[in-house]
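# Remarks on the overall topology
The chain contents come next:
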Amino acid sequence: MSDQQMQQIGDQTIAQLDAENQVAPGDSEYAQRLANLTQGWETVDGSTLEYDVYLRDEINAFAVPNGAIRLYSGLMDEMSDEEVQYVIAHEIGHVVLGHSRRAFQVAYAASAAREAAAASGSTTAAALSSSELGALGEKLVNAQFSQRQENEADDFALELMRRHDLNTEASVSALRKLEAKYGNSRSVFSSHPAAGDRADRLEAQL
């Protein structure tokens, strides 16, 4: 996929996901809190980013390679401001380091969206239906990252937090909350395994 194709399909996919979810209005407590927590993170290492909150009880967050990052209100309810900033920084890491791009390419290659585009002879997303984009978005939200990618995104998050004089210890406390709530066999983040193991690793670094 070219950068232009990636951007176009990413834009349409996040638009479909936003349509399928209840997005916190701009004057809501969630949206205003998120805006405050992401000040100065509109562009990071050349990646332009934009943020929204889905009003869902689940504890989750994900990033689209076009720079769209979505947090669930359930996550914001459970975590302090500094812990939420760690989660955001981790998702930014997936974008900047290209992890989200590779996950998106895999999801697209395995989706009906690619078949539809190929059948239409189109090199753009114009021919994709809302259901095809929705299915592609679901694959992206549930994409699995490797342990190496997780570690790289965590390391990026710590570096970004240090750059902005934020409390890096919040990375450990955020992951400990997930471990206490859900155990260490899997993380509540479908794309982020072993919260306890990740906390151990970050704790040792810090």
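Relevant structure appears above.
Here's what I pulled together on the structure shown here.

Thresholds, definitions, all that
Residues numbered from 1 in each chain as written. Predicted model: local features only at pLDDT ≥ 70, side-chain atom pairs only at ≥ 80, totals over all residues. Heavy atoms only, no water. Helix = DSSP H or I, 4+ residues; strand = E, 2+ residues; numbered from the N terminus. Buried < 20%, exposed > 50% of the residue type's maximum accessible area, 1.4 Å probe, protein only. Contact = heavy atoms within 4.5 Å. Areas by Shrake-Rupley, 256 points an atom, 1.4 Å probe, with all protein chains shown as cover. Phe/Tyr/Trp six-rings, centres within 6.5 Å; stacked < 30°, edge-to-face > 60°. Pairing = 2+ DSSP bridges.

### Quick word on the overall build of the protein
From N to C terminus, the protein includes ten helices and five strands. Within the protein, buried positions represent 50% of all 206 residues. Considering only contacts within the protein whose residues lie at least 6 apart along the sequence, 68% involve residues at least 24 apart. As presented, the protein carries roughly 9,100 Å² of accessible surface, and 45% of it is formed by carbon and sulfur atoms.

### Describing the packing of aromatic side chains
Under the counting rule described, the total for this entry stands at three aromatic pairs. Plain terms: the ring middles of Y54 and Y72 are 5.9 Å apart, the flat faces sit at 40 degrees to each other, and that makes the pair tilted. With Y54 in strand β3 (residues 50–54) and Y72 in strand β5 (residues 68–72), this residue pair connects regions lying 18 residues apart in the sequence. Using a relative accessible area of 1% as the deciding quantity, one classes Y54 as buried. With 6.5 Å between their ring centres and 90 degrees between their planes, F62 and Y72 make a pair best called edge-to-face. Taken as a pair, F62 in strand β4 (residues 61–63) and Y72 in strand β5 lie far apart in primary sequence, ten residues in all. An identical accessibility class is assigned to F62 and Y72; each is buried.

### Some details on the pairing of β5
The buried fraction of β5 is high, at five of five residues. On β5, burial covers both faces: A68, R70 and Y72 on one face and I69 and L71 on the other are all buried. Two strands pair when backbone bridges link them, and β3 and β5 are joined in this way by five bridges, in the parallel orientation. Paired with Y54 across the two strands is Y72, which belongs to β5. The pairing of β4 with β5 spans three bridges and is antiparallel. Paired with F62 across the two strands is R70, which belongs to β5. Between the antiparallel neighbours β4 and β5 lie four residues, among them G67 with a positive phi of about 100 degrees.

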